[in-house]
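Close look at the chain arrangement
One letter stands for each residue in the lines below.
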Amino acid sequence: MLAGMMMNRPLLISNLIDFAGEVYGTIPMVSQTVEGGIHRYTYSESRKRIAKLANALIAMGIKPGDRVATLAWNGYRHFELYYAISGIGAVCHTINPRLSPEQFIYIVNHAEDTALFFDTTFLPLVDKLKAHWKPIKHYVAMTDKAHMPDVPGLLCYETLIEPASDQIVWPEFAETAAAALCYTSGTTGDPKGALYSHRSTVLHALYSVSSINMAFGAGRSILPVVPLFHVNAWGLPYSSAITGTSLIFPGPRLDGPSLFELMELEHASGSWGVPTVWMGLLAEMKKRGRKPVGLKHVLIGGSAAPKPMIETFEKEYGVTVIQGWGMTEMSPLGTVGHLLPAEEDLDFNDRVELKAKQGRRVYGVELKLVDEEGNKLPHDDIASGELFVRGNAIVSGYFKNEGATSRALDKDGWFGTGDVARVAPNGMLTIVDRTKDLVKSGGEWISSIDVENAAMAHPGLANCAVIGIPHPKWTERPVLVAVKAPGANPTKEEIDKLLDSKLAKWQLPDDVIFVESLPIGPTGKVSKRDLRTKFTDYKLPDLK
Ligand code: AMP
């Protein structure tokens, strides 16, 4: 093979912020702060503070490869930590504050974090768990002197960076070096660490901006509701820097009215998050009878976007919905549901049908479906099987976890997602279900997502989830657990009638149970595991 004669510069995260600071220096970044009030600055000011922070980290003794943890909302200091930590060759370990104390203790010790930067909101949590976190040497409160809690030994972010130089020449190292660490929410067993490299992060940012191009660009802004502590806010800190997109960080205020207010104030052109977040925002939009001024798109990912949600955003408010599918292990983007020109011309209902699917793979991600014996299945939109993925922004294993690594990859090095899916000849992916959430009934599989989608067409439902309940004859039968919309009073009979018109007989839930709320897991999605636990003693109607 004849070698190409091109330069080979390492793809490093520090280059992204240097680029944004120079080329998009005047583009604003906005944060709703933990202390109260709004903070504004530009990419160029951010770049200077990132250099100060990087110099301060080096002065603290943080070395390349060290894991530095963050426990924080979406805000400008968290953004600065992302770049400063990775920039000096250390690893930014974002921790999800919604984890259980046991998981929290496990991952800090497993990651061997040497320092923890946290928003003052989380001081009680830090106080409670500190004694169990052996490796942490430095605790830093992400605030200024005026808001410092009175805790002996606690360092102050602003005091730390204040004397440091705002000039830095970033170290150069191999692009394969680790840059960031994020643990899965661990629905079974201990959480597992996805260890992103500089190369995977930069490539993922390029993949994102090439496949969701309508969202990015100087003059556009995105409000990430998806947290910086969950898969790098779907890569937004990096993809925004490459494109000069303004970020609007919501801080701790994630309820519908607060999000509406901030979007409107800052004229957010887009916003990204999981479906549960949009329920709050849509309720506020309904109350006001309009969308926040300037809002053009929402990206819905993390779990299936219900069809009625897509319809409401698009038909009633003129907000374009893009569905995204991916996972922590994929950095996270796998597929994106933008439509091709001919599909945009379809009538509204057909467009919604397509948008309710998970979309087409982004460049850089390959998809493979296999049956239970590991045989490859056709991409004909009929065969469904476990979805495997391959690409440069997908994990090649889990951090310090050989057992989980060997279970995750097949013999050809593809990563098993644990999702059951179909792929159409035109590349459109449909996630049928999580393997664990499928309901096995009499030798057939029932997709909980399909039943939920059908039920959500009832205007009297605010949310719902389907779980499988053990049955001696059928193995399992589906049960629909539903939350009523405010002021509505749907009956079981109405829901049954609606589902009867949309599903096959054997797919119909055996029962409809109304509850006040559904359990929400650490990443903001409905937790079916917790729901199943809640219904352990529940008896199906025909077994009572
Ligand atoms: P996480 O790693 O916590 O982000 O979760 C990843 C899992 O969320 C995937 O394996 C899917 O089961 C689910 N998921 C993510 N996006 C979607 C989507 N658009 N539709 C259906 N399920 C999704």
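Residues numbered from 1 in each chain as written. Predicted model: local features only at pLDDT ≥ 70, side-chain atom pairs only at ≥ 80, totals over all residues. Heavy atoms only, no water.

A word on the overall build of the protein chain. Secondary structure assignment for the protein chain yields 18 helices and 25 strands. For 544 residues, the compact-globule formula gives about 24 Å, and the C-alpha radius of gyration of the protein chain, at 23 Å, lands near that figure. Across its three principal directions, the C-alpha atoms of the protein chain cover 70 × 60 × 50 Å. Pairs at least 24 residues apart make up 68% of the contacts formed inside the protein chain by residues separated by at least 6 positions. In the structure as shown, the protein chain presents an accessible area of about 23,000 Å², 54% of it carried by carbon and sulfur atoms. When the 56 positive and 61 negative side-chain charges of the protein chain are each reduced to one mean point, those points stand 1 Å apart. (Helix = DSSP H or I, 4+ residues; strand = E, 2+ residues; numbered from the N terminus. Rg over C-alpha atoms; globule rule 2.2 N^0.38 Å. Contact = heavy atoms within 4.5 Å. Areas by Shrake-Rupley, 256 points an atom, 1.4 Å probe, with all protein chains shown as cover. Lys, Arg positive; Asp, Glu negative; His and termini not counted. Charge placed at Lys NZ, Arg CZ, Asp CG, Glu CD.)

Another point: the pattern of salt bridges. Counting across every chain of the model gives 28 salt bridges. Measuring nitrogen to oxygen at the nearest pair gives 2.8 Å for the salt bridge that ties Glu 158 to Arg 77. Taken as a pair, Glu 158 in helix α6 (residues 157–161) and Arg 77 in helix α3 (residues 76–87) lie far apart in primary sequence, 81 residues in all. Classification of Glu 158 by relative accessible area gives buried; the value is 18%. On the basis of relative accessible area, Arg 77 is assigned to the buried category, the value being 8%. Residues joined by salt bridges that share partners form a network here, namely Glu 35, Arg 49, Arg 77, Glu 80 and Glu 158. (Salt bridge = Lys/Arg side-chain N within 4 Å of Asp/Glu carboxyl O. Buried < 20%, exposed > 50% of the residue type's maximum accessible area, 1.4 Å probe, protein only.)

Further remarks concern the domain arrangement of the protein chain. Splitting the protein chain by domain gives domain 1 (9–207 + 228–244), domain 2 (361–434) and domain 3 (439–534). Interface of domain 2 and domain 3: buried area, both sides summed, is about 300 Å²; carbon and sulfur atoms make up 40% of it. The interface formed by domain 2 and domain 3 contains zero salt bridges. Taken together, the links from domain 2 to domain 3 amount to two residue pairs in polar contact (both at pLDDT 80 or more). Looking at side-chain class alone, the side of domain 2 that touches domain 3 contains two nonpolar, no polar and two charged residues. (Domains from an automatic or database assignment. Buried area = accessible area lost by both parts, 1.4 Å probe. Polar contact = N/O pair within 3.5 Å; in protein donor to acceptor, adjacent residues only side chain to side chain. Nonpolar A, V, L, I, M, F, W, Y, C, P; charged D, E, K, R; others polar.)

Where helix α10 (residues 256–266) meets helix α11 (residues 275–288), the closest approach of the two axes is 8 Å, and the angle between their N-to-C directions is 70°. Judged by the inter-axis angle, α10 sits roughly perpendicular to α11. Listed contacts from α11 to Gly 256, Pro 257, Leu 259, Phe 260, Glu 261 and Met 263 of α10 are Val 277, Trp 278, Gly 280, Leu 281, Glu 284, Met 285 and Arg 288. By residue class, the composition of the contact of α10 with α11 is eight nonpolar, two polar and three charged. (Axes fitted to C-alpha atoms, helices over the stretch in contact; angles between N-to-C directions. Parallel < 35°, antiparallel > 145°, perpendicular 65-115°, else oblique.)

The next point concerns the nonpolar core. Counting residues in hydrophobic clusters, the biggest one holds 119 residues, and the most contacted among them are Tyr 83, Phe 117, Trp 272, Trp 278 and Phe 313. The biggest single contributor to this core is helix α2 (residues 43–60), with eight residues. Taken domain by domain, this core gets at least three of its residues from each of domain 1 (9–207 + 228–244) and domain 2 (361–434). Setting aside anything within four residues of it in sequence, one finds Trp 278 in contact with Val 225, Met 263, Ser 271, Trp 272, Gly 273, Val 298, Leu 299, Ile 300, Met 309 and Phe 313. Ala 111, Leu 123, Val 126 and Phe 229 belong to the second largest nonpolar core, which has 25 residues in total. (Core = buried A, V, L, I, M, F, W, Y, C linked by side-chain atoms within 4.5 Å.)

Close to the ligand lie 14 residues; Gly 324, Thr 328, Asp 419, Arg 434 and Lys 525 are nearest. In this structure, Thr 328 approaches the ligand through a side-chain N or O atom, which is 2.6 Å from an oxygen atom. Contact distances for the ligand include 2.7 Å between an oxygen atom and a side-chain N or O atom of Asp 419. About the coverage of the ligand: the protein hides 91% of its 500 Å² of free accessible area. Here the element with the most residues in the shell around the ligand is strand β14 (residues 320–326); it accounts for four residues. Broken down by class, the residue content of the shell around the ligand amounts to three nonpolar, eight polar and three charged. (Near = heavy atom within 4 Å.)

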